[in-house]
Amino acid sequence: MPDPLSALIDLVAEGGVAVLSGAGLSTESGIPDYRGPTGSARKFAPMTYQTFTRDTAARQRYWARSYVGWRVIGRAAPNAGHRAVAGLQRAGLVSAVLTQNVDGLHQAAGARDVVELHGSIDRVVCLDCGQTTGRAELDARLRAANPAFAALAAAINPDGDADLDDAAVEAFRPVDCARCRTGVLKPDVVFFGETVPAERVDRCFASVAEARALLVLGSSLTVMSGRRFVLRAAKLGVPVAIVNQGPTRGDAYAAVKVDAPLGTVLPALGDALTLAQSGRSNEP
Ligand SMILES: [Zn+2]
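What you see is a predicted model, and the numbers here were worked out from it, not measured in a lab.

Draft legend 1. View of the overall build of the chain. Scanning the chain from terminus to terminus reveals eleven helices and nine strands. Within the chain, the proportion of its 284 residues that are buried is 49%. Here the chain displays about 13100 Å² of accessible surface, and carbon together with sulfur accounts for 51% of that area.

Draft legend 2. Structural detail: the UniProt feature "binding site: Zn(2+)" (unreviewed entry) in the chain. Look at the UniProt record and you will see "binding site: Zn(2+)" (unreviewed entry) annotated at Cys126, Cys129, Cys177 and Cys180. Sequence-wise these annotated residues cover 55 residues; spatially they are packed, their C-alpha atoms never more than 8.6 Å apart. With respect to the secondary-structure elements, Cys126 resides in strand S4 (residues 119-126). Classification of Cys126 as buried rests on a relative accessible area of 2%. Along the chain, Cys180 falls in the loop between helix H8 (166-171) and strand S6 (185-189). For Cys180, a relative accessible area of 28% gives the class partly exposed. Apart from residues no more than four positions distant in its own chain, Cys180 is found in contact with Cys126, Asp128 and Cys129.

Draft legend 3. Geometry of the confidence of the model for the chain. The pLDDT averaged across the chain works out to 88; a share of 88% of its residues lies at or above 70. Under a pLDDT of 50 for its full length, residues 276-284 has, in the predicted model, 21 contacts with residues more than four places off or in other chains.

Draft legend 4. Main features of the coordination of the zinc ion. Taken together, the protein donors to the zinc ion comprise Cys126 (SG), Cys129 (SG), Cys177 (SG) and Cys180 (SG), at separations of 2.3 to 2.4 Å. Coordination geometry of the zinc ion: the four donor atoms subtend angles of 107 to 119 degrees at the metal centre, consistent with an arrangement described as tetrahedral. Within one chain, the residues donating to the zinc ion are spaced in sequence as C-x2-C-x47-C-x2-C. Taking relative accessible area as the criterion, Cys177 reaches 3% and is therefore assigned buried.

Draft legend 5. Seen up close, the sheet that holds strand S1 (residues 17-21). Pairing is parallel in the open sheet, where six strands are placed in the order S3-S2-S1-S7-S8-S9. Two strands lie at the open edges of the sheet, namely strand S3 (114-116) and strand S9 (254-258), each paired on one side alone. For this sheet, the mean angle separating the axes of adjacent strands, direction not counted, is 20 degrees. Pairing analysis gives five bridges linking S1 to strand S7 (residues 213-217), with the strands arranged parallel.

Draft legend 6. Spotlight on the sheet that holds strand S5 (residues 132-134). Spatially, the three strands line up as an open sheet ordered S5-S4-S6, and their pairing is antiparallel. Each edge of the open sheet is held by one strand with a lone partner, namely S5 and S6. Averaged over all adjacent pairs, the angle separating strand axes in this sheet is 45 degrees, with direction ignored. The sheet contact formed by S4 and S5 spans three bridges and is antiparallel. Bridge assignment links Val125 to a residue of S5, and that residue is Thr132. Relative to S5, helix H6 (residues 135-145) is tilted by about 75 degrees, and along the sheet it contacts S4, S5 and S6.

Draft legend 7. Representation of the environment of Arg90 in the model. Relative to the elements of secondary structure, Arg90 occurs in helix H4 (residues 80-90). Residues Arg90 and Gly110, 20 residues apart in the sequence, show an inter-C-alpha distance of 8.8 Å.

Draft legend 8. Seen up close, unusual backbone geometry. Backbone geometry places Asp113, a non-glycine residue, at a positive phi of 55 degrees. With respect to the secondary-structure elements, Asp113 resides in the loop between helix H5 (105-108) and S3. Here Asp113 falls in the exposed class, since its relative accessible area comes to 64%. A positive phi angle is found at Arg181, which is not glycine, with a value near 80 degrees.

Draft legend 9. Up close: the side chain of Ser21. Here Ser21 is to be found in strand S1. Here the side chain of Ser21 touches Thr99 through a polar contact of 2.7 Å, side chain to side chain. Within the structure, Ser21 has its side chain in polar contact with the side chain of His106 (distance 2.7 Å).

Draft legend 10. Seen up close, the nonpolar core. Leu8, Val12, Leu215, Leu217, Val243, Leu266 and Leu269 are the most contacted members of the largest nonpolar core, which has 31 residues in total. Counting residues per element, this core draws most heavily on helix H1 (residues 4-13), which supplies five residues. What Val243 contacts, discounting residues up to four positions off in sequence, is Leu8, Leu215, Val216, Leu217, Gly218, Val258, Ala260, Leu262 and Val265.

Rules and cut-offs
- Residues numbered from 1 in each chain as written.
- Predicted model: local features only at pLDDT ≥ 70, side-chain atom pairs only at ≥ 80, totals over all residues.
- Heavy atoms only, no water.
- Helix = DSSP H or I, 4+ residues; strand = E, 2+ residues; numbered from the N terminus.
- Buried < 20%, exposed > 50% of the residue type's maximum accessible area, 1.4 Å probe, protein only.
- Areas by Shrake-Rupley, 256 points an atom, 1.4 Å probe, with all protein chains shown as cover.
- UniProt positions renumbered as here; feature names shortened; annotations may be inferred.
- Contact = heavy atoms within 4.5 Å.
- pLDDT = per-residue confidence, 0-100.
- Donors = N, O, S within 2.8 Å, 3.2 Å for Na, K, Ca; no water.
- Tetrahedral: all angles 85-135°; square planar, octahedral: opposite > 155°, others 65-115°.
- Pairing = 2+ DSSP bridges.
- Axes fitted to C-alpha atoms, helices over the stretch in contact; angles between N-to-C directions.
- Polar contact = N/O pair within 3.5 Å; in protein donor to acceptor, adjacent residues only side chain to side chain.
- Core = buried A, V, L, I, M, F, W, Y, C linked by side-chain atoms within 4.5 Å.

Rendered as structure tokens:
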């Protein structure tokens, strides 16, 4: 029986691979994985859509922490795993890139036509008028509305779930939509308690159906939002390969399982398939 990495190489070498990536792919870029092996650091319960829309104080806390977290996410760079996926796509072996991540790092590494299942932290949407704007623009508005907080935020060491004292958070003033003036702004990401738009899900199902194999990268497949694509692949007889540190809820369906760091496995995979590694702007 071949070792798991060899089996993975053989599978990907055939091409037509749909990639489904999760938080584990971005941990090596410094973005915390709340569900994976390093997820114990989570300090706050995840924000739900219901709480965000109904609870003004909760929304204020969310934006205060998010302002600080953006210092990390906005500066994060793609890692060797993201670059390997982009390289495999350029080499014609990857037919689709589906991601549960909202950090935009696949695209930053050069991947094209990425389907962002849970949206993107780079955009903000008005819940009243529907206008979508860039996060950088909102960041500037938040900074202008909260000069004292901005100075405080710049001085602390952010980890995505920022340590902030309550008084500072309570003094934080979120801003409303710049177009309609009163609309509540929400990051253009799918919160817990919210469903992924049906057309986006359908596009992912279609990619899985057309694929020769489904390659899961860095997801424990805990939530149905991602697991359903593994179940669909299994039902259609599309082989599933999983690269993840630790067990996943898709392991029973996996033809190949590599339990190792993605930052090691994916470059090895790329090298084995004799790819010129992508590494455009972030090669060390
Ligand atoms: Zn608006």
